[in-house]
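As a plain string of letters, each chain reads:
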Amino acid sequence: MKKPKRRWPIVVLVLALLTALLGYRIWDVNQHRVTYPIQHYSMGQEVPLDGDFLDYDGENTQGYYVNVQKAEIMDSNEYLARYAPDVDPDSMSNGPGDVIVLTYDVRNDGNTDGYLNMVSLFLVGENKNTFYKVDSELWEASEPRIRGNSNGLVLVPNTSYTTHLPLSCIQNPKFLEYTLDTKNYTRKNVREHSFELVLTNDPTRKIIDINVGQ
């Protein structure tokens, strides 16, 4: 009776070929991936958006400028006491906790139909694992004119405006869960002091380096 032939050399060869193909595919993707230039700005420096956008070019940011003059960390109740003293803190659905507050200057030089995408604006913590989004509940409390419409910020052409923009932590969403679901917002203690504010993603990623207390 003949002994069955050992086939392990063929298996090893197939595995080696698959590994080589996978390695080539990873190399090919890295070589051809789309990369965007990144520009960093400092606090106090006016950033021209120049048509760059966060989500899609319909934002039409040409003529808009952003300048972050100051950054603070404060409790949400302190934020309300400063900027919405008529609002009862107990009426807030997300409860107390820290927020990062940016003194946010915006200028519109002649743009008649563009806007700033505030719902997609985000801060990245210095550990690169923590993200902060505009806390619409607090912001609308301090800016009654934008209540129910805080996803975008529109300025009359040739005007400027200063707002105190609160941002709170975003928890990683569960599988198939909407990233911006309000239940993912948590006002927890903020222990970081350096952040990157991503103003635009495409065609140029524009970032303001944020330092609390600067």
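Model, not experiment: these values are computed from the prediction.

A. Looking closely at helix H2 (residues 76-83). Listed in full, the buried residues belonging to H2 are Ser 76, Tyr 79 and Leu 80. What you see down the axis of H2 is that its buried residues fit within an arc of 95°, all on one side. Along its buried surface, H2 packs onto strand E3 (64-75), strand E4 (98-108), helix H3 (136-142) and strand E9 (159-170).

B. Representation of the pairing of E4 in the model. In terms of residue burial, E4 counts as a mostly covered element, since 10 of its 11 residues are buried. Sheet topology note: the E3/E4 ladder contains 11 bridges and is antiparallel. Across the sheet, the residue bridging to Val 66 is Val 106, located in E4. As defined by bridge partners, E4 adjoins E9 across nine bridges and the pair is classed as antiparallel. The residue of E9 that forms the bridge with Thr 103 is His 164.

Here is what the cut-offs are and how they apply
Residues numbered from 1 in each chain as written. Predicted model: local features only at pLDDT ≥ 70, side-chain atom pairs only at ≥ 80, totals over all residues. Heavy atoms only, no water. Buried < 20%, exposed > 50% of the residue type's maximum accessible area, 1.4 Å probe, protein only. Helix = DSSP H or I, 4+ residues; strand = E, 2+ residues; numbered from the N terminus. Arc of directions from axis to C-beta. Contact = heavy atoms within 4.5 Å. Pairing = 2+ DSSP bridges.

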